[in-house]
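Listed here are the chains, written in short residue letters.
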Amino acid sequence: VMRVELPDGRIGYLKKEHRIRWKDRFENCRAGYGWCSKSVREGRTLQRVEADGIAPRCLAMEEENGRAFLLLEAVRDGVDLRRLLHERACSDEMPIALGRFCAELHMARIDHPDLYAKHFLIDPQTFAITLLDWQRARIGSEVPWHRRIGGLAALAATLPNEMQSPLVWGYLREIDDRARDVLPYRTL
C-alpha cells in the first residue's frame with residue numbers, strides 16, 4: 001500500500017497486486033465476484049457499500065496481465081483506532097459504538113471477516129467509524145452466528161481488556177429482537 005497525492009490535491013492509497021494468485025481468483029469466483037483479483041473484488045465491494053459511508057471510496061481499479069491495483073480515497077479526519085486508544089483514554093462509549101457498528105454490519109448482511117482494531121478509522125471529533133480492508137468481505141446473505149461471534153471475538157482480542165465487555169454489550173444492545181431469541185441467553 002502506497003500513499004499518493006492525486007493531481008487535484010486529494011490524498012489516496014494505492015494497493016498493488018504484483019501477481020494475482022490462482023487461489024485468489026478461485027476464492028473470488030466462489031464468492032460470486034467472478035474470476036478476478038483481490039483488488040477488483042475489493043473495489044466492487046466498496047462500490048456496493050459506498051453510499052453507507054462505512055468504507056473508503058474506490059476511485060479506480062484495474063486488472064491486466066496478471067497484475068492489479070486499487071486506488072482508494074483517503075478517509076478525511078480518520079485516525080487509526082489503535083493510535084486513538086494509545087493517545088487518549090476512551091470511555092465505554094467507544095467500545096459500545098464499535099459493538100453497535102459491528103451489529104449493524106451483520107444485520108445489513110455484510111460479513112467482514114477481518115474485524116481487527118487496525119482496520120478501524122475513527123473521526124476523533126464525531127466518532128464516525130470507517131472500516132478498511134474489504135477484500136474478503138461478503139455481502140448479501142445472512143451472516144451466520146458462528147461468523148458473527150468469530151468477527152466480534154477477533155475485534156475483542158485486538159482491543160484492551162477493559163473494552164471487551166462494553167464491545168459485546170454494544171453489539172447485543174443493537175441486534176434486533178429476532179436475533180436475540182437465537183442467543184442461548186437473554187440480554188438485559
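Being a predicted model, the structure only gives us computed values, none of them experimental. Along each chain, the written sequence defines residue order, and numbers are assigned to residues from 1. Reporting of local features is limited, given that this is a predicted model, to residues whose pLDDT is at least 70; pairs of side-chain atoms are given and counted only at 80 or more, and all residues count toward the totals for whole chains, interfaces and linings. In computing side-chain values, all of the structure's heavy atoms are included and hydrogens and water are not.

**Overview of unusual backbone geometry**
You will see that Asn65, though not glycine, has its phi angle at about 55°, which is positive. Secondary-structure assignment places Asn65 in the loop between strand S3 (58-64) and strand S4 (67-73). Strands are runs of DSSP state E lasting at least 2 residues, helices are runs of H or I lasting at least 4, and numbering of each runs from the N terminus.

**Thoughts on the sheet that holds strand S1 (residues 2-5)**
If you trace the 4 strands from one edge of the open sheet to the other, you get S1-S2-S4-S3, paired in antiparallel fashion. At either margin of the open sheet sits one strand with a lone partner, and together these are S1 and S3. The sheet shows a mean angle of 20° between the axes of neighbouring strands, taken without regard to direction. Following DSSP output, two strands are said to pair if at least two bridges run between them. Here S1 pairs with strand S2 (residues 11-17) via 4 bridges, running antiparallel. Angles run from 0 to 180 degrees between N-to-C directions of axes, and those axes are lines fitted to C-alpha atoms, restricted for helices to the stretch in contact.

**Details of the environment of Pro7**
Structurally, Pro7 is set in the loop between S1 and S2. Between the C-alpha atoms of Pro7 and Leu172, which are 165 residues apart in sequence, the distance is 45 Å.

**Re the pattern of salt bridges**
Within this document, salt bridges are pairs made up of a side-chain nitrogen of Lys or Arg and a carboxyl oxygen of Asp or Glu, the two lying within 4 Å of each other. Under the defined criterion, the tally for this structure stands at 12 salt bridges. Note that Asp8 is salt-bridged to Arg10, the shortest N-O span being 2.8 Å. Under the scheme applied here, a residue whose accessible area is under 20% of the maximum for its type counts as buried, over 50% as exposed, and between as partly exposed, the area being computed with a 1.4 Å probe on protein chains only. By relative accessible area, which is 30% here, Arg10 ends up partly exposed.

**Observations regarding the side chain of Asp123**
For Asp123, the position within the fold is in the loop between strand S7 (120-122) and strand S8 (129-131). Contact definition: two residues touch when any of their heavy atoms are within 4.5 Å. With sequence-adjacent residues up to four places away left out, Asp123 is seen in contact with Asp77 and Ala128.

**Some points on the nonpolar core**
To qualify as a nonpolar core, a set must consist of buried Ala, Val, Leu, Ile, Met, Phe, Trp, Tyr and Cys residues joined through side-chain atoms within 4.5 Å. Leu81, Leu98, Leu105, Phe120, Trp134, Leu155 and Leu159 are the most contacted members of the largest nonpolar core, which totals 35 residues. Of all the elements in the fold, those that place two or more residues in this core are helix H2 (38-49), S4, helix H3 (81-87), helix H4 (93-107), S7, S8, helix H5 (145-157) and helix H6 (161-174). Ranked by the residues each element gives to this core, the list is headed by H4, at 6 residues. Apart from the residues lying within four places of it in its own chain, the contact partners of Trp134 are Glu42, Thr45, Leu46, Val49, Ile54, Ala55, Pro56, Leu105, Ile110 and His112.

**Quick look at the packing of H4 against H6**
Across the interface, H4 lies against H6 with an axial gap of 7 Å and an inter-helix angle of 40°. Considering the angle they form, H4 stands oblique to H6. Like other packed secondary-structure pairs, H4 and H6 cross with a definite hand, here right-handed. Residues Met94, Pro95, Ile96, Leu98, Gly99, Arg100, Cys102, Ala103, Glu104, His106 and Met107 of H4 touch H6, and the partners they reach there are Met163, Pro166, Leu167, Trp169, Gly170, Tyr171, Arg173 and Glu174. Here the nonpolar group is Ala, Val, Leu, Ile, Met, Phe, Trp, Tyr, Cys and Pro; Asp, Glu, Lys and Arg are the charged ones; every other residue, Gly included, is treated as polar. Broken down by class, the residue content of the contact of H4 with H6 amounts to 12 nonpolar, 3 polar and 4 charged. Just so you know how the angles are binned, under 35 degrees is roughly parallel, over 145 roughly antiparallel, 65 to 115 roughly perpendicular, and the rest oblique. The handedness criterion is simple: a crossing whose near helix is rotated anticlockwise from the far helix by less than a right angle is left-handed, and one whose near helix is rotated clockwise is right-handed.

**Some points on the sheet that holds strand S5 (residues 79-80)**
Overall, antiparallel pairing links the 3 strands, which are arranged S5-S7-S8 in an open sheet. Each of the sheet's edge strands pairs with one partner strand only, and the pair in question is S5 and S8. By the bridge criterion, 2 bridges tie S5 to S7 in an arrangement that is antiparallel. Residue pairing across strands places Val79 opposite Ile122, the latter belonging to S7.

**As for the side chain of Arg41**
Along the chain, Arg41 falls in helix H2. Working convention for charge: Lys and Arg count positive, Asp and Glu count negative, and His plus the chain ends are omitted. This buried residue, Arg41, is left without a salt bridge; Glu27 holds the nearest opposite charge, at 5.8 Å. Two N or O atoms form a polar contact when they lie within 3.5 Å of each other; inside protein one atom must be a possible hydrogen donor and the other a possible acceptor, and for residues adjacent in sequence the pair counts only when both atoms belong to side chains. Among the polar contacts made by the side chain of Arg41, one reaches the side chain of Asn28 at a distance of 3.0 Å. Excluding residues within four positions of it along the chain, Arg41 makes contact with Glu27, Asn28, Ala31, Tyr33, Cys36, Gln135, Arg136, Ala137 and Arg138.

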